[in-house]
Amino acid sequence: MRNLAEKWPAAPDWITAVLNTDGISVRTLDGLKQLLVSGDLTAWAQASGLAGEGVGAGAVANGDKYMVRIARDRILAVSERPLPVAAGWHAAGFAVTVMDAGLHVFEMKGPGLAGLVARGTALDPRQASPSASILFAGAGVLFYRFGNPDRARVHVDRGLAPYLWGWLEQVQVF
């Protein structure tokens, strides 16, 4: 039987891999807790202590725990420490799914970030969107800024992380 793994490049060592090019630094963020929450987001806010609607594409998230908006009834709760809500269905009307192993997180920062965003998506980098869910470099991702306008985080399906890394290695930002 043919070994199909030979035609794909090996994934980088995510712990040590850093890309520095065109005024942008890209690295993997490891250890973030990620919970996908669907359903009654008001009930979720009461149970978790995380209030608000979550940030969308172009908006700036801050702190050690925050929410990223996906749809009207869906958010990704991100935290440096475990959140106090268990996975599964909750009688209050929401469901929680642990996404730690399912989503890979890249952090991009530097003065060239606006150029990179312009190459990867049709998103206007000066405008915030209600949802962080966008098409970036041909892959569905969650994109938002973190801490300041020259720093962004991208959550991508783990299986697409090597593809996105390869795209980032080859893109030229002008």
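Novice: Before we go on, may I ask you to explain the packing of aromatic side chains in this structure?
Specialist: For any pair of aromatic rings, geometry is given as the distance between the ring centres together with the angle between the planes. Here the structure, examined in full by the defined rule, presents 8 aromatic pairs. Measuring from ring centre to ring centre gives 5.5 Å for tryptophan 14 and phenylalanine 106, while their planes differ by 70 degrees; the resulting arrangement is edge-to-face. Note that tryptophan 14 is positioned in the segment before strand S1 (18-21) and phenylalanine 106 in strand S9 (residues 103-109), a separation of 92 residues in sequence. Each member of the pair tryptophan 14 and phenylalanine 106 is classed as buried. Aromatic pair tryptophan 14 and tryptophan 165: ring centres 5.7 Å apart, planes at 85 degrees, arrangement edge-to-face. Pair noted here: tryptophan 14 is in the segment before S1 and tryptophan 165 is in helix H3 (residues 161-170), with a separation of 151 residues, a long-range link. Residue classification places tryptophan 14 among the buried positions, given a relative accessible area of 18%.

How each quantity is defined
- Residues numbered from 1 in each chain as written.
- Predicted model: local features only at pLDDT ≥ 70, side-chain atom pairs only at ≥ 80, totals over all residues.
- Heavy atoms only, no water.
- Phe/Tyr/Trp six-rings, centres within 6.5 Å; stacked < 30°, edge-to-face > 60°.
- Helix = DSSP H or I, 4+ residues; strand = E, 2+ residues; numbered from the N terminus.
- Buried < 20%, exposed > 50% of the residue type's maximum accessible area, 1.4 Å probe, protein only.

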